[in-house]
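# Tertiary structure, described
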Amino acid sequence: MLFASGRFVNYGGVMEFQVLGPLQVRAEGVRLDLGGPKQRAVLALLLANAGQPVSTERLIEGAYGDGAPDAARRSVQTFVSKLRGQMGEMISSTGQGYEFTLVDSSVDSVEFTALLESARTLIVDDPAAAGEALRAALALWRGHPYQDVDAMGLLDAEITRLTDLRLVALELRLDADLAAGYHRELIGELEALTAEHPFQERFYAQLMLALYRSGRQAEALRTYQRMREMLAEELGIDPSPPLRDLELRILEQDPALQLEPSSSVGRRVVLVADLGVAALRDLAAPETRSAVLQDVDRVIGTAIANHAGELAAQEATTTYALFDGIGPAAEAAATIVGAAPRVNGAPIVKVALDVGEVERRSDGTIGGPLVIRAAGLVAAAHPGQVLLSADGHAAAGADATAGLVTRSLGIHAIPRLEQAEPVHQIVVPGVPSEFGPLDTGGEAPALPESRVGVPGYELRDEIGRGVFGTVYRAYQPSVGREVAVKVVNPEIANDTGFIRRFGVEAQMIARIEHPHVVPVYDYWRDPSRAMLVMRLMRGGNLAQRAASTSLGRNEVVRLVDQIAGALSAAHERGIVHGDVRPANVLLNESGDFFLGDLGVAAVAAVPEGDISPRN
């Protein structure tokens, strides 16, 4: 084996042994039948002790436990003989047992360890390269080590060793990404990891640092407080000295905690326009919904341009824009709510304005507390309403040229904000000014974000490809599950019509709750691609199933019942599939049928192309 650029290249290799998950062996890409549970236990013990002899008595104990029958020795010899028939000289006899020796082959646990050690040497001088090596190492994992092997406890020490090394690799990968400046992108993953590993102080320290570097000092300190209280209640101890030191440094705003400046800050007015997604559900026909969304984009874009604004970001259903003054921003907001299309006579666009310091990141995205507050404010608004923060109201009062008519709505709790704040409404001529109570429990829209790789997911092998994009098997370590990640091709993802439709359709699809619709767990778009995270279907698709064997009458009845129910549930939500065919009907391990690629064809506006998983 040769290590090069973060990958192992196995020249002339004939066997691949995989133990970081269910035990598998592949010869020239073909998966071998490893026999029953006891034969698999024998192989697992030989692999775990590769290069060292394993006594026959230990193999018997691993296969049978304490109650081994008299014929156990002969059975183990038979197991070894069968394994030798597949692996040849890699298994040799010793005086008291057998020994496994790698010959022109690889074991994923060995590759993982080598990649980990390589990353350790890179992390100080080249954290980005270390991060890539660690991502490659973690991508080798498919589940728990020796997941489907019962060796009567004899593998426990090896399983613990590998599991601990995986945790080390994950911690180092997070350190590398923090050193490379990806603190914002890591917050969600670290929050999940602190919940999954509540006593792992390293994850808390990394989360505190990521929050602090993202301008969220109060949240970083609350994270420490949560850890301190949990340790006191559960174990009766205090956080370690390094974690206490980090809290003190955050309190004192130690400059050494920050990386080199990668963003600039300036005073601007931020306008956030969002869609009332509930109203869009009344548009049952995708082509009608698409036309409405195009009109919305045209109105918002024209209003921003005509009032000297800057389109800063589009995230799903939300548009972010920046202005130099409150007057032009308010005029743009009035134009948007007044001219935007309506659904069944009701407005569908809502707007919020705020004034303050906006962070401009090196990758062009915007962020900071002001953007978070404006996004929370628009979540509380009703379609057709323009809300204004207290700072925005003060700026309007100080600008005699703005000429705004406003009304106070009182003090309210706003999504994503810690404390209740005064909220004002801009009265727009020609638009109704009376609305119900603010939707303070509303879901705040997606914030402008930059992304590194596929945050929170480790991409594995490619399992499907088409004109629309590519599907990968992926691992979500925060919840320990394998998923399918669909990566949309850049030429589609960057289409102006696709950008808005993708966010709206993905949100609506994700809300469909039907047992035979492939669920969408997550979605996002960055400047080069769009991605959907879905349940991984392991049974292939209907086209493959029909090609291998004919479907029985009962199976056809079940297929029609399950897929018809899925389509009906989608139609009730205003979602039309647009491309139902055998390749888009997926199966699970039990042979049940699921509707996949729901709404994707309509969003992508491509004539054909299937990227349903192949296996």
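This is a predicted model, so every value here is computed, not measured. (Residues numbered from 1 in each chain as written. Predicted model: local features only at pLDDT ≥ 70, side-chain atom pairs only at ≥ 80, totals over all residues. Heavy atoms only, no water.)

## As for the nonpolar core
Selection criterion: Here, the term nonpolar core denotes a set of buried Ala, Val, Leu, Ile, Met, Phe, Trp, Tyr and Cys residues that are joined through side-chain atoms within 4.5 Å. The classification of residues rests on relative accessible area computed with a 1.4 Å probe and restricted to protein chains. Under 20% of the type maximum is buried, over 50% is exposed, and intermediate values are partly exposed. Should any heavy atoms of two residues lie within 4.5 Å, those residues are counted as being in contact.
One finds Phe17, Leu47 and Met87 to be the most contacted residues of the largest nonpolar core, which totals 79 residues. In this structure, Met87 is in contact with Met15, Phe17, Val25, Leu34, Leu43 and Phe100, ignoring residues within four places of it in sequence. In this structure, Val296, Ala330, Val349 and Leu388 belong to the second largest nonpolar core, which totals 34 residues.

## With respect to the confidence of the model for the chain
Which entries qualify depends on this criterion: Confidence scores per residue from the predictor, reported as pLDDT, run from 0 to 100. Numbering of helices and strands runs from the N terminus, with a helix taken as a DSSP run of H or I at least four residues long and a strand as a DSSP run of E at least two residues long.
On average, the chain scores 82 in pLDDT, and the residues at 70 or more come to 83%. In the model of the chain, strand S1 (residues 2-4) stands out as the element of lowest mean pLDDT, 32, in contrast to helix H1 (residues 37-48), which has the highest, 96. Taken together, the stretch residues 1-13 has pLDDT below 50 and engages in 25 contacts with residues farther than four places along the chain or on a different chain. Counted against residues more than four places away or in other chains, residues 604-615, with its pLDDT under 50, gives 49 contacts.

## Let's talk about the packing of H1 against helix H3 (residues 72-87)
Rules: The axes used here are C-alpha line fits, helices contributing only the stretch in contact, and every angle between their N-to-C directions lies in the interval 0 to 180 degrees. Orientation categories follow fixed angle ranges, with anything under 35 degrees roughly parallel, anything over 145 roughly antiparallel, 65 to 115 roughly perpendicular, and all other angles oblique. Each helix crossing is assigned a hand: it is left-handed if the near helix lies turned anticlockwise from the far helix by less than a right angle, otherwise right-handed if that turn is clockwise. Side-chain classes are defined by residue name, with Ala, Val, Leu, Ile, Met, Phe, Trp, Tyr, Cys and Pro counting as nonpolar, Asp, Glu, Lys and Arg as charged, and the others, Gly among them, as polar.
Axis separation between H1 and H3 bottoms out at 10 Å; the angle between their running directions is 65 degrees. Here H1 is positioned roughly perpendicular relative to H3, judged by the angle of their axes. Handedness of the crossing formed by H1 with H3: right-handed. Here Lys38, Gln39, Val42 and Leu43 of H1 come into contact with H3, specifically with Phe79, Val80, Lys82, Leu83 and Met87. Taken together, the residues of the contact of H1 with H3 break down into six nonpolar, one polar and two charged.

## Overview of the pattern of salt bridges
Close approach of charged atoms lets side chains of opposite charge pair. Put simply, the test is: We define a salt bridge as a side-chain nitrogen of Lys or Arg found within 4 Å of a carboxyl oxygen belonging to Asp or Glu.
For the structure shown, the criterion picks out 21 salt bridges. Notably, a salt bridge pairs Arg40 with Asp148, separated by 2.6 Å at the nearest N-O pair. With Arg40 in helix H1 and Asp148 in the loop between helix H5 (127-138) and helix H6 (156-179), this residue pair connects regions lying 108 residues apart in the sequence. Judged by its relative accessible area of 38%, Asp148 is partly exposed. For Glu434, the salt bridge is made with Arg407, and the minimal N-O distance between the two is 3.1 Å. With Glu434 in the loop between strand S19 (421-426) and strand S20 (458-465) and Arg407 in strand S18 (residues 406-412), this pair connects stretches of sequence that are 27 residues apart. We classify Arg407 as partly exposed; its relative accessible area is 29%. Within the structure, one salt-bridge network assembled from shared partners comprises Glu132, Arg135, Arg173, Asp177 and Glu189.

## What to know about the sheet that holds strand S8 (residues 97-100)
In plain terms, the rule: One requirement defines pairing of two strands: DSSP has to find at least two bridges between them.
Taken in spatial order, the three strands of this open sheet run S6-S8-S7, and their pairing is antiparallel. The open sheet has two edge strands, strand S6 (53-55) and strand S7 (91-93), and neither has a second partner. Here the strands of the sheet are splayed against their neighbours by 30 degrees on average, with no regard to which way each runs. Packed onto the sheet, H1 meets S6, S7 and S8 and runs at close to 60 degrees relative to S8.

## Focus on the packing of aromatic side chains
Put simply, the rule is: Stacked, tilted and edge-to-face pairs are distinguished by plane angle, under 30 degrees for stacked and over 60 for edge-to-face with tilted covering the rest, among Phe, Tyr and Trp rings (Trp via its six-membered ring) whose centres lie within 6.5 Å. Look at NZ for Lys and CZ for Arg. If either is within 6 Å of the ring centre and within 35 degrees of the ring normal, a charge sits over the ring.
If you walk through the whole model with that rule in mind, you get two aromatic pairs. Ring centres 5.2 Å apart and planes at 85 degrees place the aromatic pair Phe17 and Phe100 in the edge-to-face group. One end of the pair, Phe17, is in strand S3 (residues 15-18); the other, Phe100, is in strand S8, with 83 residues separating them in the sequence. The residues Phe17 and Phe100 share a single accessibility class, namely buried. Ring centres 5.4 Å apart and planes at 80 degrees place the aromatic pair Phe112 and Trp141 in the edge-to-face group. Highlighted residues: Phe112 in helix H4 (residues 108-122) and Trp141 in the loop between H5 and H6, separated in sequence by 29 residues. No difference in accessibility class separates Phe112 from Trp141, as the two residues are buried. In this structure, Arg166 packs its charged tip against the face of Trp141, placed 5.5 Å from the ring centre.

## Considerations on the sheet that holds strand S4 (residues 24-27)
Here we have four strands laid out as an open sheet, ordered S5-S4-S3-S9, and mixed in their pairing. Since the sheet does not close on itself, it has two edges, and those belong to strand S5 (30-31) and strand S9 (105-107), each with one partner. Contacts between H4 and the sheet are confined to S3 and S9, with S9 contributing the most and set at about 70 degrees to the helix.

## Concerning a nonpolar patch on the surface
Rule in force here: Each patch is assembled from residues with relative accessible area greater than 30% and no salt bridge, linking like charges that lie within 9 Å and nonpolar side chains (Val, Leu, Ile, Met, Phe, Trp, Tyr) that lie within 5 Å. Surface accessibility follows the Shrake-Rupley procedure with a 1.4 Å probe radius. Residue values consider only the protein chains on display as shielding.
Taken together, the side chains of Phe199, Leu235 and Ile237 make up a nonpolar region of the molecular surface, amounting to roughly 280 Å² of accessible area. Relative to the helices and strands, Ile237 is located in the loop between helix H9 (217-234) and helix H10 (241-251).

## Details of the environment of Pro53
With respect to the secondary-structure elements, Pro53 resides in strand S6. Residue class for Pro53 comes out exposed when judged on its relative accessible area of 55%. Among all residues touching Pro53, those that are not within four sequence positions of it are Thr94, Tyr98 and Glu99.

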